[in-house]
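Residues per chain, in single letters:
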Amino acid sequence: MKAIEIRNKYLKFFEKNGHKIIPSAPLIPENDSSVLFTTAGMQPLIMYLLGEKHPEGKRLTDFQKCLRTNDIDEVGDNRHLTYFEMLGNWSLGDYFKEESIKMSYDFLTKELQIPSEKISVTCFAGDEDCPRDETTANCWKKAGIPKERIYYYGKEDNWWIAGETGPCGPDTEMFYDTGKEACGPNCQPSCNCGKYVEIWNNVFMEFYRNNDGTYSKLKQHNVDTGMGLERITFLLEGKSDPFETELFKPVMDELKKLSKKDIIESRRIATEHLRASIMIAADGEKPSNIDRGYILRRLIRRMTRHMNKLEIDLNELTNLIELNINSLNELYPYLNDKKEQIKKIITEEKDKFIKTLSRGEKEFNKVIAKIKSEGKDTIDSKSIFKLYETYGFPPEVTKDLATENEMKVNMDEIQQLFKEHQNKSRAGSEQKFKGGLASSGEMETKYHTATHLLNAALKITVNKDCHQRGSNITSERMRFDFSCDHKLTPEEKKATEELVNKWIKEDLIVTNTEMKKEDAIKSGAECMFIERYPDIVKVYSIGDVSKEICGGPHVTRTSELGEFKIKKEEASSAGVRRIKAVLI
Ligand code: SER
């Protein structure tokens, strides 16, 4: 079965079962600055899992574009991917374990026609935070899975949370038996021998993990499920891994044709990173030295290096992008319209990198020769830093090259050096500063304070029920999403702008104090995701016009902001409007 058929079957099945199909959110999160990329289908839905009403109701389904870079160094084997698509269905305080399991079982056995004997499941074994999940096991038995194929594991395997804090809960995972021989008498779903492949994860999200590591009960019980499209596709197509499926094969084959060397790992890395780069570039990101842009840069650089290793003429890259976009056409037809933009972004970055690479590699070989002659096996961090400073040679490329030369590097030490010398953010993981601000330079700080003023102003000029739904700040502008049922009239926009500017002129003092979360709420402090905050929170006040729970930072007086100007007001999603504004 092709990926597109599986996706369509999935969405139709859940639609038939009362779910509304919602569109995939962009790979680049719109209203959540706590992550660099969308890493799971639940991410754009966090506020609804926490109790906010979703405009489409309590049962939702979608396919979500996701990117995870934690395992970027593992790409090249036959299973790790950075970009993947996740099929998901959600109950927002509606059905729970029994119905969720029944639907999953029916989908797998009836729609996908997977023989029941090929399915094993795992449940949460229980600990001091949450009891053993016998309910789930019983639901599986009722659905048709005998107890011999039901396994129990602890938090490491059967508990799901997106990061350190947030909505979470015990999960039940479904495994497909590939029919491979068991690796031993103890072979079971948790082992990595490849006999069992996880295909679906249903999380019973009824907890929230607080900053201090304790768990609170959420207002409602939710179900959050996720099925990786690439995996289920390769299994149903009877292939050995995703790179053998129609999702990757056209590019894999072309690389093989173009290359002078036969290195399957390099072909996989180049193929995987090319697809991920296309998806990121299509969603509007450009290579840069920070955050998301840096991840894109890293993916393109790694891809280029492996194409080099395969001895492929790098001028072929444009054709490869074309080929990849064509092969993704059924799943992501919109890529076609962005083809030129994508080609430009990726090839320009490749060109920049080639220059760096040829200079750096020579120097690298010298360093290696010296270290080997000294009988050592670790490249010292100072040499790596010098390679970067003098030749623009990125440390992770040095690390890759080092590994190929059976040398070690100490990435932690290098990161430390970089911090000291550069004070630049080179985020290698998706986790970002939790307080809401991506970086907090002078302008970002000003915009942050302006966000609070705008939030307060809208309640007066538009409607007291306008609440913040998200925000995104760069050093050049701010974006603010808020609940509102109508397009702002020119008068409302003008009044809002004027009120914010009036407060700026009044030179109000910005203060903050720490208090208990419930006291903050009682005192009328505004906040976006109450459950996301720790028990003791910081409350920022601006004169007596605004009071918000917030991690800061902020300016000390509003006069520092200059003049506030609304550039655009538009729809963001159902019942949510978006204002783009600048300080001049
Ligand atoms: N959030 C869960 C996961 O990513 C289920 O979708 O596995």
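In what follows, the accompanying structure is described.

About the cut-offs
Residues numbered from 1 in each chain as written. Predicted model: local features only at pLDDT ≥ 70, side-chain atom pairs only at ≥ 80, totals over all residues. Heavy atoms only, no water. Disulfide = S-S within 2.5 Å. Buried < 20%, exposed > 50% of the residue type's maximum accessible area, 1.4 Å probe, protein only. Helix = DSSP H or I, 4+ residues; strand = E, 2+ residues; numbered from the N terminus. Contact = heavy atoms within 4.5 Å. Near = heavy atom within 4 Å. Polar contact = N/O pair within 3.5 Å; in protein donor to acceptor, adjacent residues only side chain to side chain. Areas by Shrake-Rupley, 256 points an atom, 1.4 Å probe, with all protein chains shown as cover. Nonpolar A, V, L, I, M, F, W, Y, C, P; charged D, E, K, R; others polar. Salt bridge = Lys/Arg side-chain N within 4 Å of Asp/Glu carboxyl O. Expected span 1.5 Å × (residues − 1). Bend = angle between axes of the 7 residues up to and from the residue. Phe/Tyr/Trp six-rings, centres within 6.5 Å; stacked < 30°, edge-to-face > 60°.

**Considerations on the state of the cysteines**
- If you walk through the whole model with that rule in mind, you get zero disulfides.
- Summary of cysteine pairing: Cys-168 is not part of a disulfide, and the nearest cysteine sulfur, belonging to Cys-130, is at 9.3 Å.
- Residue Cys-168 is classed as buried on the basis of its relative accessible area of 0%.
- With no disulfide partner, Cys-527 has as its closest neighbouring cysteine sulfur the one in Cys-550, 11 Å distant.
- Looking at Cys-527, the relative accessible area reads 23%, which means it is partly exposed.

**Let's talk about the side chain of Glu-85**
- Inspection of the secondary structure assignment puts Glu-85 in strand S3 (residues 83-92).
- Glu-85 sits in the buried class, given a relative accessible area of 0%.
- Residue contacts for Glu-85: discarding those within four places in its chain leaves Arg-7, Phe-63, Gln-64, Met-227, Gly-228, Leu-229, Glu-230, Leu-331 and Tyr-332.

**Quick notes on the site of the ligand**
- The environment of the ligand is made up of Ala-40, Met-42, Arg-68, Met-86, Trp-160, Asn-201, Val-203, Asp-224, Thr-225 and Gly-226.
- With respect to the ligand, the side chain of Arg-68 contributes an N or O atom lying 3.2 Å from an oxygen atom.
- One of the side-chain nitrogen or oxygen atoms of Trp-160 is found 3.4 Å away from an oxygen atom of the ligand.
- Expressed as a share of its isolated accessible area of 230 Å², the protein-covered part of the ligand is 95%.
- When contributions to the shell around the ligand are tallied by element, the ones reaching two or more residues are strand S8 (196-209) and strand S9 (215-228).
- Here the element with the most residues in the shell around the ligand is S9; it accounts for three residues.
- Residue composition of the shell around the ligand, by class: five nonpolar, three polar and two charged.

**Here's the deal with the pattern of salt bridges**
- With the rule as written, the count across this model stands at 53 salt bridges.
- With its nearest N and O atoms 3.2 Å apart, the salt bridge here joins Glu-348 to Lys-344. Here the residue Glu-348 and the residue Lys-344 both occupy positions in helix H11 (residues 339-373), the gap between them amounting to four residues, near one helical turn.
- Each of the salt bridges in this network shares a partner with another, and the network as a whole consists of Arg-302, Arg-305, Lys-309, Asp-400 and Glu-404.

**Quick notes on helix H15 (residues 442-461)**
- For H15, built from 20 residues, the straight-helix expectation of 28 Å at 1.5 Å per residue is met to within 8% by its first-to-last C-alpha distance of 28 Å.
- With 16 of 20 residues buried, H15 lies mostly within the body of the structure.

**Side note on H11**
- Helix length check: H11 (35 residues) gives 49 Å between terminal C-alpha atoms against 51 Å at 1.5 Å per residue, within 8%.
- At Gly-360, H11 shows its largest kink, close to 25°.
- Once H11 finishes, Gly-375 follows within two positions and takes phi at roughly 75°, a positive value.

**Thoughts on the packing of aromatic side chains**
- Counted under the stated rule, the structure contains 18 aromatic pairs.
- Both rings, one in Phe-96 and one in Phe-204, keep their centres 5.5 Å apart while their planes meet at 70°; by these two values the pair is edge-to-face. Residue Phe-96 is located in the loop between S3 and helix H3 (97-111), and its partner Phe-204 is located in strand S8; the two are separated by 108 residues in the primary sequence. Like Phe-96, the residue Phe-204 is buried in the burial classification.
- Taking 5.6 Å as the distance between ring centres and 35° as the angle between the ring planes, the aromatic pair formed by Trp-159 and Phe-207 counts as tilted. Of the two residues, Trp-159 sits in strand S6 (residues 159-161) while Phe-207 sits in strand S8, which places them 48 residues apart along the sequence.
- Every member of this aromatic cluster is reached through a ring pair, and the members are Tyr-10, Phe-13, Phe-14, Phe-107 and Trp-200.

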